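Spelled out from the first residue to the last, the chains are:
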Amino acid sequence: MIVRNHFKFTLFSLFLLTLSLFAFPLHANAETTLTVFAAASMTESMNMIAGSYKKSAPDVKIVYNFDSSGTLKTQIEQGAECDIFISAGQKQMNQIDIKADPKVNTKKLDLVLEGTRFNIVSNKVVMVVPKGHNPKGISDFRDAVTEKVFIIALGNSDVPVGQYSEEIYKNLGLWDKLKSMNKISYASNVKEVLSQVAAGAVDCGIVYSTDAATSKGVDVVAEAPKGSHKPITYPAAILKKAKNPEAAAAFVDFLKGPESSKIFNKIGFAVPAK
Amino acid sequence: MSVYVKIKKSFGNFVLDTEFEAENEILALLGASGSGKSMTLKCIAGIVKPDMGRIVVDGVTLFDSEKKINLSPQERHVGLLFQNYALFPNMTVKQNLCAVIKSCGRGKDTKEKLDTLLESFYLTGLENHYPVQLSGGQQQRVALARMMASDPKIIMLDEPLSALDSYLRWQVEKELTEILEKYKGTTLYVSHNRDEVYRICRKVCVINDGRSEKVSSVDEFFNAPPTLASALLSGCKNYSKIKKLSNDTVYAVDWKTNLKCSAHVPGDAGYIGVRAHRILPLSNKHGDLNKISCRVLEIRHDLFSVIVTVVPEDADPRKEFSRIRMELPSLEDDSLRPGDSMAISIPPEMIMPLRNRII
Amino acid sequence: MDWFPLYNSLRVALISTFFTFFLGIFAAHYIAKTPRFLKGLIDGVLTLPLVLPPTVIGFFLLKMIGPLGPLGSRVLEVFGFKLTMTWYSAIFATTIISFPLMYRTARGAFESFDSTLLYSGQTLGLSDTFLFWRVIMPNCKQGILAGAVLSFARALGEFGATTMVAGYIPGRTAIISTTVYQLWREGNDALAYKWVFINLVISFIVLTAVNMLENRYKQPVGAAKNHFDHED
């Protein structure tokens with residue numbers, strides 16, 4: 001083939017090269033890959049657990065996707081590859097579990113592998129302020145509606161901790177008042193709430209105790225009043241479309257085991273009794 | 001108001017090198033397109049800065065590269081009329097004029113000055129028109145009026161008639177000439193049209209390829225142009241390279257013949273030129289001074305004349321200078337055809353010796 | 001229905017366009033006077049926000065005007081107010097992002113402007129300031145106006161940098177784009193559609209206004225018109 005036009009030839013080769021990047025898998029298939037979608041608040045603990053698991057199952061590669069539970073659920077719904085889903089709220093798991101209340105699972109999705117759903121950890125809700133910077137002396141959830149707080153960062157209603165924040169304030173009878181004062185800075189996930197507080201962009205924020213524990217930029221000033229919210233249990237499940245259900249089941253067993261419990265407790269989670 | 005210009009500016013390959021002076025007269029800067037005439041005006045106006053030289057107008061130094069003087073255009077008080085008139089399209093005639101009147105005066109008798117201008121330039125009734133609504137001639141008058149309103153020490157016109165259709169030109173030229181005659185100062189008139197120059201200007205400075213030649217009077221220029229470039233610009237069509245034989249005889253190389261000249265042939269003359277309408281077909285009336293035997297190449301009938309192109313028998317018809325062009329009022333011999341022989345005669349007083357370069 | 005996002009979006013876009021208008025024009029005017037080797041560099045810097053992802057710009061802005069940033073902390077100390085998480089924080093973002101649009105359009109307008117008008121004005125003794133405002137600007141009206149509208153439209157549609165520096169605080173910093181995003185996150189499609197429709201209507205009105213203005217200002221510039229000179 002006589003190449004007449006040098007430019008056209010180069011362009012065509014580039015095109016082929018680009019196509020080939022999508023044609024071939026980037027990794028050898030010698031090891032198994034497990035895809036785990038987990039709520040953002042699980043980041044530190046799940047990473048540590050994966051490191052620990054590598055010692056017992058060296059040929060299993062765990063790939064995480066950390067984000068807000070709502071985003072993860074939407075991605076799963078829209079066909080993303082995933083073996084295990086860990087949500088920071090029952091709502092998101094319910095929305096894809098056919099056994100759940102049809103009022104919550106409005107789209108009648110059946111994505112959860114039967115019998116694999118369990119509560120992996122539970123968490124607490126706390127109020128945080130920028131580290132070493134609490135000039136107004138914020139010390140209570142109820143301070144949000146006073147002049148002690150100009151702006152408070154909350155997760156939006158798609159974020160589990162956001163839903164809990166709303167529940168807490170509703171139970172305190174302060175939700176409508178808080179909204180009317182235009183004080184709420186809505187964040188798309190917990191990490192965003194944390195970074196807004198840590199940067200001092202807001203006066204305080206509401207996050208999980210686990211996040212507060214791992215963040216270097218915030219101080220905890222209050223715990224949610226007793227009974228102001230439903231217990232926060234994190235559901236986990238293997239998905240029906242899991243590519244590696246056996247490997248997934250093995251990992252789930254590890255998650256339920258003593259090594260994982262130690263890590264969870266270190267981070268600040270409580271592990272439900274069996 | 002006098003003007004003295006001596007400037008040099010280099011633009012890569014092209015070098016502008018002009019020098020001339022004028023005092024209370026209309027001086028033409030005549031040259032082909034791109035020869036640097038407009039650029040010279042821009043330098044005088046202060047829009048372009050020469051690399052070196054001096055520009056003095058009415059005793060005031062506008063530019064001096066050695067003394068590092070370079071006045072801004074606003075400070076120079078010279079008028080420059082652009083080829084496209086440069087009227088502000090977003091302003092009416094009145095606004096165009098008042099803008100200048102106000103900036104020059106204290107604004108006291110603006111109305112009076114405006115009315116005077118409108119009258120002198122035959123613009124009464126057009127004050128509220130926008131330039132786009134005016135004809136070419138009207139636009140030019142507005143531009144002139146506006147220029148005069150700024151009270152310039154000298155005025156410079158850059159090809160003022162080029163933008164007009166030929167049937168308009170005659171009338172506009174007449175008006176322009178009247179206005180220029182009324183103006184007491186120096187006018188620099190840039191053009192590539194020798195006929196305009198002949199009618200409107202008194203002196204001529206030829207600018208050829210960026211270089212200016214010596215200033216001569218219009219008569220001198222047309223009767224006895226000093227150089228080949230001047231002769232070309234003056235409309236002369238016939239040239240031959242020469243070898244000087246004596247003060248009054250030359251050997252025309254391209255025409256392969258000796259010629260006797262009435263004018264003195266200078267030592268550095270490299271060419272001669274003869275105007276097309278000065279060459280005559282040989283006949284009894286004219287004798288056989290400077291006779292050349294030729295062959296007819298082409299006969300063309302123009303509007304009011306006949307153009308016969310011939311080539312001397314011994315010369316090479318492919319060379320441009322070998323061809324001799326004659327403009328006759330009519331053909332005495334109707335049966336003349338290309339290829340026929342024809343003897344011509346060049347009166348000695350019509351031969352113009354030319355130098356190669358500028359003086 | 002809470003109309004605050006509409007009010008805030010318009011407020012931010014208008015104020016931002018006001019700044020961009022003057023900054024863009026002056027930058028375009030003065031860049032012509034910079035020496036050649038510097039011109040390319042400055043032009044590149046000024047055009048940068050056009051090609052950078054808005055989130056990158058948002059990131060840099062946060063680092064500068066955030067409460068811990070050099071500018072933000074200084075302002076907090078001296079004047080006592082924060083530069084981020086307020087309604088006017090968005091103005092920083094939108095001004096920077098829409099600036100290149102105004103700058104380049106104005107520059108194009110100035111460059112296609114017939115400079116003989118400027119030169120002739122100078123020889124007539126008119127000051128450079130007069131010439132800029134009374135000759136150059138009116139004759140570049142179309143280009144300048146187009147630039148202003150483009151800037152306004154871009155400011156109105158800004159999301160990435162704005163959401164980072166102003167956040168989403170209903171009633172305080174919410175604008176149409178961040179509101180639609182939050183509504184989508186919450187699954188409130190009905191309200192999201194309402195806002196999308198409102199945004200479409202505004203954009204349509206703006207573009208129609210531009211077309212009308214353009215047609216009004218379409219006059220041929222300058223050259224001599226040759227027809228019979230009846231006045232003579």
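What you see is a predicted model; the values in this text were computed from it and never measured.

Calculation criteria
- Residues numbered from 1 in each chain as written.
- Chains lettered and ligands numbered in written order.
- Predicted model: local features only at pLDDT ≥ 70, side-chain atom pairs only at ≥ 80, totals over all residues.
- Helix = DSSP H or I, 4+ residues; strand = E, 2+ residues; numbered from the N terminus.
- Buried ≥ 20, exposed ≤ 12 C-beta atoms within 10 Å, placed from the backbone.
- pLDDT = per-residue confidence, 0-100.
- Domains from an automatic or database assignment.
- Contact = placed C-beta atoms within 7 Å.
- Nonpolar A, V, L, I, M, F, W, Y, C, P; charged D, E, K, R; others polar.
- Core = buried A, V, L, I, M, F, W, Y, C linked by C-beta atoms within 7 Å.
- Pairing = 2+ DSSP bridges.
- Axes fitted to C-alpha atoms, helices over the stretch in contact; angles between N-to-C directions.
- Expected span 1.5 Å × (residues − 1).
- Bend = angle between axes of the 7 residues up to and from the residue.

1. Focus: the overall build of chain C
- A count of helices and strands for chain C gives 11 helices and zero strands.
- Listing each helix as α and each strand as β along chain C from the N terminus yields α-α-α-α-α-α-α-α-α-α-α.
- Across its three principal directions, the C-alpha atoms of chain C cover 75 × 40 × 30 Å.
- Across the 232 residues in chain C, those meeting the buried criterion constitute 40%.

2. Thoughts on the confidence of the model for chain A
- Confidence along chain A averages 88 in pLDDT terms, with 95% of residues attaining 70 or more.
- Within chain A, the lowest mean pLDDT, 78, falls on helix 1 (residues 6-23) of chain A, and the highest, 95, falls on strand 3 (residues 84-86) of chain A.

3. Section: the domain arrangement of chain A
Residues and elements named next belong to chain A.
- For chain A, the assigned domains read domain 1 (32-122 + 231-267) and domain 2 (125-223).
- Taken residue by residue, the interface counts 13 residues in domain 1 and 16 residues in domain 2.
- The class makeup of the residues in the side of domain 1 that touches domain 2 is five nonpolar, five polar and three charged.

4. Brief notes about unusual backbone geometry
Residues and elements named next belong to chain B.
- A positive phi angle, near 70°, is found at Tyr 85, a position not held by glycine.
- Inspection of the secondary structure puts Tyr 85 in the loop between strand 7 (78-81) and helix 3 (93-104).
- Even without being glycine, Glu 159 reaches a positive phi, approximately 50°.
- Of note, Glu 159 is situated in the loop between strand 8 (154-158) and helix 6 (166-182).

5. Points about the interface of chain C and chain A
- Between chain C and chain A, the residue contacts involve 14 residues of the former and 15 residues of the latter.
- Classifying every residue of the side of chain C that touches chain A gives six nonpolar, five polar and three charged.

6. Things to note about the nonpolar core
- Counting 214 residues, the largest nonpolar core has A:Phe85, A:Ile86, A:Val207, B:Met156 and B:Tyr189 as its most contacted members.
- A total of 13 residues in this core trace back to one element, the largest contributor, which is helix 5 (residues 89-111) of chain C.
- Sequence-distant contacts of A:Val207, that is, excluding residues within four places in its chain, are made with A:Val126, A:Val128, A:Val161, A:Val190, A:Val193, A:Leu194 and A:Ala212.
- B:Leu164, B:Leu168, B:Val172 and B:Leu176 belong to the second-largest nonpolar core, a separate cluster that totals five residues.

7. Description of the sheet that holds strand 19 (residues 306-312) of chain B
Residue and element names in this part refer to chain B.
- Strand order in the open sheet made by the five strands is 17-21-18-19-20, with antiparallel pairing throughout. Among the strands making up the open sheet, the edge pair consists of strand 17 (280-281) and strand 20 (324-328).
- With two bridges connecting them, strand 17 and strand 21 (residues 341-345) associate as antiparallel partners. Bridge assignment links Leu 280 to a residue of strand 21, and that residue is Ser 345.

8. What about the environment of A:Gly115?
- Turning to its location among the elements, A:Gly115 is positioned in the loop between helix 4 (90-95) and strand 4 (118-123).
- It is 8.9 Å that separates the C-alpha atoms of A:Gly115 and A:Ile238, two residues lying 123 residues apart in sequence.

9. Some words on the sheet that holds strand 15 (residues 257-260) of chain B
Residue and element names in this part refer to chain B.
- If you walk across this open sheet you meet the five strands as 15-14-13-16-22, and the pairing is antiparallel. Edge positions in the sheet fall to strand 15 and strand 22 (352-355), since each of these pairs with one other strand and no more. Taking the axes of each pair of neighbouring strands and ignoring which way they run, one obtains an average angle of 40° across the sheet.
- Across four bridges, the pairing between strand 13 (residues 238-246) and strand 14 (residues 249-252) is antiparallel.

10. Quick notes on the pairing of strand 15 of chain B
Residues and elements named next belong to chain B.
- Bridging between strand 14 and strand 15 involves four bridges; their strand directions are antiparallel. By the bridge assignment for strand 15, Val 250 is matched with Leu 259.
- Taking the residues that link successive antiparallel strands as the turn, the strand 14-strand 15 hairpin has four residues, and the phi of Lys 256 there is positive, at about 55°.

11. A short note on the arrangement of the chains
- Where the two pairs of chains in contact are concerned, the greatest contact count is recorded for chains B and C.
- Where chain A comes nearest to chain B, the C-alpha atoms are still 34 Å apart, and the two do not contact one another.

12. Structural notes on helix 2 (residues 36-51) of chain C
Residues and elements named next belong to chain C.
- The end-to-end C-alpha separation of helix 2 is 23 Å, in line with the 22 Å expected for 16 residues at 1.5 Å each.
- A bend of about 30° at Val 45 is the largest found in helix 2, and the proline Pro 49 appears one to four places after it.
- Little of helix 2 is tucked away: one of the 16 residues are buried.

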